[in-house]
Every structure is written in C-alpha cells, then in structure tokens.
Amino acid sequence: PLSVVLLLPGYFTGSAQVMQLVGTAGTYGLMFIAIAKLCRLFSLSPTMMILLTDVILIMYDFGSASTNIRFPIAFWLVVIGLCQYYRRKYASAIILVLLAVITHLGVIVIPILYFVVSVLKKNYSRIIFCMLLLMYYPCMTVLVGILKSIPGRVFWEIGDRLAGYVGMTANYQNSYDAISIANGGRKSGVIYLLLAVAVFVLCLILSQISKVRLPSSKFVWFLAALLCFTAGSYDSYTFFIRFSSISTYASVLYLIYAINEYYNTYSYYGVNAGRGSGGILMSIYR
C-alpha cells in the first residue's frame, strides 16, 4: 500500500522525472540515516564512517534509486529498523519494519532470517537452517504448486504472482527476468555473491588469527544465512540480483567493523588499549 503513495506524485503531475525524484530522495535520504545509525551502533571511527559511506556510494546503482524506487526504500527502512532493534528500541523497530513491508513485501525476508537465527540457539540448528535456505528454489516451486491447487481465487493469484519469480509462468521467456538473464544480468549477482562470501570468510579468519571481537554471534549467523538464501535463490533472478547486492553491503559492513576493531582497539603490544589509542599502525610508526 505504501508504494502507491510513492507513485502518486508522478501520477498527479504526469511526469516520470517527479517520480524519479521521489525515489532518489527517499532512497539516498534513508541510506545516509542508515549509515549514521550503523556507525553509531558499531562505534566506528570517523575514518571508518567515511570509508563505509564511500564504499556504499560506489557500490550503489544510481539508476536503481530512480527507476526501481520501492525495493531500495524498503531495504534501508529495514536496516534502520534492525539498528533500532539492536539498541532495544523495539517500538520504533517494529514500525520501521512494517513500513518497509507495506512498501515492498520482498524485504520481509531480512527480518525473518534475523529473528529465526536469533531463536536458534545451537550451532547445529543454525547449520541445518542455512542448509535449508540453499534449497529455497525447489521449496518455492512446491509452494507455488500447492497455492495454485487450493480452491479459491485469492490463493491462485498469490501462487501465480510467486510463479513469476521462479519462472513457472507460461510466458516466462518474454518476462523481464528472462530477458535480463539472457543479456547476462545474472553475472553481476554472481560477482556480488562471490565478493560477499570472500569478505565473510576473510572476516572470520581475521577474528581467529588476530582475536578481533565479533559484532555479535547473531549477526555473523544472520550473514551466513543471508548468503545461503542468496545462493539458494539463484534460479529466481529478481530475488538473486537484489539479495546478492544486499549480502555484499552486509559483508562489507562486517569487514569495516573488523578493521576498525583491529586498528582502534588493540595496541602494538596486544594489550586492550581502548579507542583513540592510535592502534597498531601508529605504534609501528612511532
């Protein structure tokens, strides 16, 4: 329903540029709020704040903000909502996530993954959950079949809508997804996912060999689940291309946090010197 509100300015003015302006202003405005929240949440140094901003701006596709206005706005609302949840501001977190969901239902995957990972206490339970996420596509095809077989127009419509995401419609070859895949669009998602996995593994290695504090075991497992979900959605172009970029954002945030912890928390002699001590680089320089 909220996506209708975002489209109304363009509808009443009859101008595509007005609609693009709304999408761009909303996306980048929420993006910078999210970056500020993340920097405060993880106590990033000013240098890391600038680096995080630069990385996201370099990675972000400006065209997506102006033409695909619902999903980016919903995504950054979810990010801000999760930041509020971390700070135990549950009321605002719930409101922000609900606003995101009624803007674009696709982002509901993010809070669901996070909360399920939070509930699963044992590592083997989380491993099983991640393995199941790798089977996302076959599970979706089964779900589509079940929904379309249930009597009632509503269930059939939902199943038909989902069928478009997994390529089970009769005219799929003429769809946006099929055309994008034929033109090599999926390669970008593969590159994003490989980058995210590489960064994630690097952060885990850093945390072991240099004793860098992990932001939270929940966050680490959530990121692992997000990567598995993205890999499992490979055959669903719409989900794969969007969540591969989201996985990269989350992995890069993890890397920036790890680098910040390494250089600002531990001194050259391996003693916890606290923030602002100069860190290992300044110690070596002196």
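Scroll up a little and you will see the structure.
Keep in mind that this is a model prediction, so the values were computed, not measured.

**Q** Would you explain the side chain of Gln84 in this entry?
**A** Looking at where Gln84 falls in the secondary structure, it is placed in helix H5 (residues 70-86). Taking relative accessible area as the criterion, Gln84 reaches 8% and is therefore assigned buried. Beyond its immediate chain neighbours, meaning those up to four positions away, Gln84 contacts Lys37, Lys89, Ser92, Ala93 and Leu96.

**Q** Quick question: what am I supposed to make of the pattern of salt bridges here?
**A** Close approach of charged atoms allows side chains with opposite charge to pair. The final tally for this structure, using the stated rule, is two salt bridges. For Asp160, the salt bridge is made with Lys148, and the minimal N-O distance between the two is 3.6 Å. Remark: Lys148 occurs in helix H9 (residues 136-149) and Asp160 occurs in helix H10 (residues 153-165); sequence separation between them is twelve residues. According to the relative accessible area criterion, Lys148 is partly exposed, its value standing at 31%.

**Q** Is there a simple way to think about the packing of H5 against helix H6 (residues 90-103) in this case?
**A** Any two packed helices are characterised by the angle at which their axes cross and by the distance between the axes. Between H5 and H6, whose axes approach to 8 Å, the crossing angle comes to 165°. Classed by the angle they form, the pair H5 and H6 counts as roughly antiparallel. Handedness of the crossing formed by H5 with H6: left-handed. Contacts from Arg70, Ile73, Ala74, Leu77, Val78, Ile80, Gly81, Gln84 and Tyr85 in H5 reach Tyr90, Ser92, Ala93, Leu96, Leu99, Ala100 and Thr103 in H6. Partitioned by chemical class, the residues of the contact of H5 with H6 number eleven nonpolar, four polar and one charged.

**Q** Would you explain the packing of aromatic side chains in this entry?
**A** Centre distance and the angle of the planes are the two values used to describe a pair of aromatic rings. Per the stated rule, a full pass over the model turns up 21 aromatic pairs. A ring pair is formed by Phe239 and Phe243, whose centres lie 6.0 Å apart and whose planes are at 15°; its orientation type is stacked. Separated by four residues within a single helix, Phe239 and Phe243 lie in helix H14 (residues 237-265), roughly one turn from each other. By relative accessible area, which is 1% here, Phe243 ends up buried. Through a chain of ring-to-ring contacts, three or more aromatic side chains come together here, namely Tyr85, Tyr86, Tyr90, Tyr114, Phe115 and Phe222. If you follow Arg186 out to its NZ or CZ, it ends over the ring of Tyr234, 4.4 Å from the centre. Arg242 extends its terminal NZ or CZ atom over the ring of Phe71, reaching a point 4.6 Å from the ring centre.

**Q** Any chance you could explain the nonpolar core here in plain terms?
**A** A general tendency of soluble globular proteins is for nonpolar side chains to be buried together. Membership of the largest hydrophobic core comes to 75 residues, with the highest contact counts inside it found for Trp76 and Phe243. Examining the composition of this core, we find that twelve residues originate from one element, H14, more than from any other. Excluding residues within four positions of it along the chain, Trp76 makes contact with Thr27, Leu30, Met31, Ala34, Ile56 and Tyr60.

**Q** What's the story with helix H8 (residues 123-133) in this structure? I'm lost.
**A** One turn of the α-helix equals 3.6 residues, which is why residues spaced by three or four share an orientation. When H8 is considered as a whole, its buried residues turn out to be Arg126, Phe129, Cys130 and Leu133. The buried residues of H8 all sit within an arc of 100° when viewed along its axis, so they share a single face. Opposite its buried face, H8 presents the exposed residues Tyr124, Met131 and Leu132, each directed more than 90 degrees away.

**Q** In this structure, what is going on with the environment of Phe222? I would like to understand it.
**A** Inspection of the secondary structure puts Phe222 in helix H13 (residues 217-232). Sequence-wise, Phe222 and Tyr254 are 32 residues apart; in three dimensions their C-alpha atoms are separated by 12 Å. Apart from residues no more than four positions distant in its own chain, Phe222 is found in contact with Ile110, Leu113, Tyr114 and Val117.

**Q** Before we go on, may I ask you to explain the packing of helix H2 (residues 16-41) against helix H3 (residues 46-59) in this structure?
**A** Where H2 meets H3, the closest approach of the two axes is 10 Å, and the angle between their N-to-C directions is 145°. With respect to the hand of their crossing, H2 and H3 are arranged in right-handed fashion. Two secondary-structure elements touch here, H2 through Tyr28, Met31, Phe32, Ile35 and Cys39 and H3 through Met49, Leu52, Thr53, Ile56 and Leu57. Taken together, the residues that form the contact of H2 with H3 break down as nine nonpolar, one polar and no charged.

The rules behind these values
- Residues numbered from 1 in each chain as written.
- Predicted model: local features only at pLDDT ≥ 70, side-chain atom pairs only at ≥ 80, totals over all residues.
- Heavy atoms only, no water.
- Helix = DSSP H or I, 4+ residues; strand = E, 2+ residues; numbered from the N terminus.
- Buried < 20%, exposed > 50% of the residue type's maximum accessible area, 1.4 Å probe, protein only.
- Contact = heavy atoms within 4.5 Å.
- Salt bridge = Lys/Arg side-chain N within 4 Å of Asp/Glu carboxyl O.
- Axes fitted to C-alpha atoms, helices over the stretch in contact; angles between N-to-C directions.
- Parallel < 35°, antiparallel > 145°, perpendicular 65-115°, else oblique.
- Left-handed = near helix turned anticlockwise from the far one by under 90°.
- Nonpolar A, V, L, I, M, F, W, Y, C, P; charged D, E, K, R; others polar.
- Phe/Tyr/Trp six-rings, centres within 6.5 Å; stacked < 30°, edge-to-face > 60°.
- Lys NZ or Arg CZ within 6 Å of the ring centre and 35° of its normal.
- Core = buried A, V, L, I, M, F, W, Y, C linked by side-chain atoms within 4.5 Å.
- Arc of directions from axis to C-beta.

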